[in-house]
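What the coordinates show
This is what each chain is made of:
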Amino acid sequence: MASAPWNPTFETILQRCLPGLGKDGTPAADEPLEIYELDSLALIGIVSELESAFGISLTGQVVIPVRTLTAGQLWDIVSAARPASPRPQDPSPWAIV
């Protein structure tokens with residue numbers, strides 16, 4: 001079985017907030033979250049938890065209707081809102097010996 005395209009924190013939040021998914025369930029990346037009982041109130045809770053967990057703002061980012069939103073689309077939105085990985089610092093030309 002292929003691994004999910006998202007990290008464990010994202011999946012844990014979905015497991016906690018989607019009543020129809022269950023604590024050990026893994027949502028299909030391309031199935032509407034509506035099949036796991038996502039509604040507008042549950043989406044508000046998920047967005048709030050994602051913002052806290054990833055230190056991001058999703059205000060105005062989730063524009064896909066609740067009834068068609070998939071886990072893969074939501075992860076893409078979260079990924080786009082996350083800051084890029086910090087670039088490793090260039091070594092200093094000065095060294096203390």
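In what follows, the accompanying structure is described. Quantities reported herein were computed from a predicted structural model and do not represent experimental measurements.

Here the focus is the nonpolar core. Counting residues in each nonpolar core, the largest one holds 24 residues, and the members touching the most others are Phe10, Ile46 and Leu50. Element by element, the count of residues in this core is highest for helix H2 (residues 40-54), at 6 residues. Ignoring any residue separated from it by four or fewer positions in sequence, one finds Leu50 in contact with Phe10, Ile13, Gly55, Ile56, Leu58, Leu74 and Val78.

Let us look at the environment of Thr26. Note that Thr26 resides in the loop between helix H1 (8-17) and H2. Under the relative-accessibility criterion, Thr26 is labelled partly exposed at 46%. Spatially, the C-alpha atoms of Thr26 and Ala71 are 9.7 Å apart, while their sequence positions differ by 45 residues. Among residues more than four places away in sequence, those in contact with Thr26 are Ala4, Glu11, Leu21 and Tyr36. Only 2.9 Å separates the side chain of Thr26 from the side chain of Glu11, close enough to count as a polar contact.

What counts, and where the lines are drawn
- Residues numbered from 1 in each chain as written.
- Predicted model: local features only at pLDDT ≥ 70, side-chain atom pairs only at ≥ 80, totals over all residues.
- Heavy atoms only, no water.
- Core = buried A, V, L, I, M, F, W, Y, C linked by side-chain atoms within 4.5 Å.
- Buried < 20%, exposed > 50% of the residue type's maximum accessible area, 1.4 Å probe, protein only.
- Helix = DSSP H or I, 4+ residues; strand = E, 2+ residues; numbered from the N terminus.
- Contact = heavy atoms within 4.5 Å.
- Polar contact = N/O pair within 3.5 Å; in protein donor to acceptor, adjacent residues only side chain to side chain.

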